[in-house]
Amino acid sequence: MIKMDTKQLRQKILDLAIHGKLVPQDPNDEPASVLLERIKAEKERLVKEGKIKKSRKPTKTSDTPHYPYLLPNGWKWCRLEDIAYVASGSTPEKSAFESIEVPYLKMYNLRNQKIDFEFHPQYIKREVHEGKLKRSMAVTGDLLMNIVGPPLGKLAIIPDTIRECNFNQAAVMIRPYLYKDVINVYLFCYLEEMSEINSITTKGTAGQDNISLTQSQNMRIALPPLAEQRRIVEDVEHWFALIDQIEQGKADLQTAIKQAKSKILDFAIHGKLVPQAPNDESAIELLKRINPDFTPCDNGHYTQLPDGWQRASMSDICSLVDGKKLQGTGYPNLDVKYLRGEHEAKTLNSGKFVSANTLMILVDGENSGEVFRTPIDGYQGSTFKQLSINDNMNIEYVLQVINLHRKILRENKVGSAIPHLNKKLFKAIDVPIPPYKEQQRIIETVNKAFVALDMITESL
């Protein structure tokens, strides 16, 4: 089964667009050179009227600048500043925010290549907007591009819902001198392809990715005829709309698969996934081996369970314990990041030793309740407890019951500074227990179903 990578598909469409290969050229289109002359005349008019400043000649320029590829007939290379006013933002004094007058955008408002002003909205005083921050006054239709990262490449066109606004120094505003509604959408596609952005990105002292205002103004733009820009934008929007539908379909299917897994587990713990076998040893005998003093629950208070099943609490079948303390012996530190494969293990000379294949449950942090199996001998991380499941139980069955309760455990953590696993809640989890052989049959059936569902997920 072929897996569709929609991100790569979007990238390929943009790549074709900026190289003049997405839509056919029309020899009857007015060439970009004529368009540039008309834009130049408009820019000179704005300079003469004092509405914009005359462009400074770059400190490093060449009569024969390097351009990365040949353009189709009718296209023309230019600098971004040749076709658009480019201005950087700035941050005003704190007192400027003591008002709800003019929207003020930060880079967290650029989400999914759109402006999301509902996400932590901020405002500044109009007198600041029209005074100290006048050069970065932005309006509907202007294009914003972030110039401090990572990540770079966040782009957004200011929507109709924001008539005017200002923005911080991590972005530049791009406003074409003519045909703003067409050229800005084309520039959005051109810059979203990322080649030009990547080619001018520099690394700051703190490891930040940066693009200066001057670099932004000097970005090389492959400019098609205006009519072709319209065709390119229309075609890109058409293909992206189809990809959006595919991605939504994928998201819906992933949600359905997640729900299917939960439903399978729900059937499993209610005795509806596999048939009962009357010759299986009953669960009460199993529980009596774990604890001879075990007292059966009154099943009348619960949903009726199949014959041979029994209810118990999580504390009846497992416990949370610490490892064996060791001193002076080097072992890897089995912390969360290591167990998730995010970094290599650091060697420690003391700690709570656990052997390979030990179950550990996360008891500190946002994902408290997540269970890991140690791949090697080592010291358990400070945010873990060992999860010891009684040998009379099928371990995978108990783990699936815990998995069903992960959401409840996450939502009911205790502690303020650092959230902890609610151990009392964990120990009180109600566990429907089938006979041991039925536990085995349940897990075999669950695993087969999950493998099939995972194959579907991997093919998306």
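Above: the structure in question.
Residues numbered from 1 in each chain as written. Predicted model: local features only at pLDDT ≥ 70, side-chain atom pairs only at ≥ 80, totals over all residues. Heavy atoms only, no water.

(A) Highlighting the sheet that holds strand E2 (residues 84-88). The four strands are arranged E2-E12-E8-E10 in an open sheet whose pairing can be described as antiparallel. Single-partner strands in this sheet number two, and they are E2 and strand E10 (155-157). Within the sheet, the average angular offset between the axes of one strand and its neighbour, ignoring direction, is 20 degrees. Sheet topology places E2 next to strand E12 (residues 171-176); five bridges connect them, and they run antiparallel. Across the sheet, tyrosine 85 pairs through a bridge with arginine 175, a residue of E12. Lying on the sheet, helix H5 (residues 180-192) is in contact with strand E8 (143-146), E10 and E12; it crosses E12 at an angle near 140 degrees. (Pairing = 2+ DSSP bridges. Helix = DSSP H or I, 4+ residues; strand = E, 2+ residues; numbered from the N terminus. Axes fitted to C-alpha atoms, helices over the stretch in contact; angles between N-to-C directions. Contact = heavy atoms within 4.5 Å.)

(B) Geometry of helix H12 (residues 395-404). Within H12, burial applies to Tyr397, Val398, Leu399, Gln400, Val401 and Ile402. Measuring from the backbone nitrogen of glutamate 396 back to the side-chain oxygen at the start of H12 gives 3.1 Å, which picks out asparagine 394 as the cap. (Buried < 20%, exposed > 50% of the residue type's maximum accessible area, 1.4 Å probe, protein only. Polar contact = N/O pair within 3.5 Å; in protein donor to acceptor, adjacent residues only side chain to side chain.)

(C) Structural detail: helix H1 (residues 6-18). Counted at 1.5 Å a residue, the expected span for H1 with its 13 residues is 18 Å, and the 19 Å between its end C-alpha atoms agrees. Restricting attention to buried positions, one finds in H1 the residues Thr6, Arg10, Ile13, Leu14, Ala17 and Ile18. Buried residues of H1, seen end-on, are gathered within an arc of 125 degrees and therefore sit on one face of the element. Packed against the buried residues of H1 are H5, strand E15 (220-223) and helix H8 (226-269). By the N-cap criterion, in which a side-chain oxygen at the helix start approaches the backbone nitrogen of a residue two or three places on, H1 is capped by aspartate 5, the distance to lysine 7 being 3.1 Å. (Expected span 1.5 Å × (residues − 1). Arc of directions from axis to C-beta.)

(D) Examining unusual backbone geometry more closely. The omega torsion of the bond from glycine 149 to proline 150 falls at 5 degrees, within 30 degrees of zero and hence cis. Counting through the fold element by element, proline 150 comes out in the loop between strand E9 (148-149) and E10. A positive phi angle is found at methionine 194, which is not glycine, with a value near 80 degrees. As for its position among the elements, methionine 194 is in the loop between H5 and helix H6 (195-200). For asparagine 357, which is not glycine, the phi dihedral falls at a positive 75 degrees. Positionally, asparagine 357 belongs in the loop between strand E19 (347-354) and strand E20 (359-362). The exposure class assigned to asparagine 357 is exposed, which follows from its relative accessible area of 51%.

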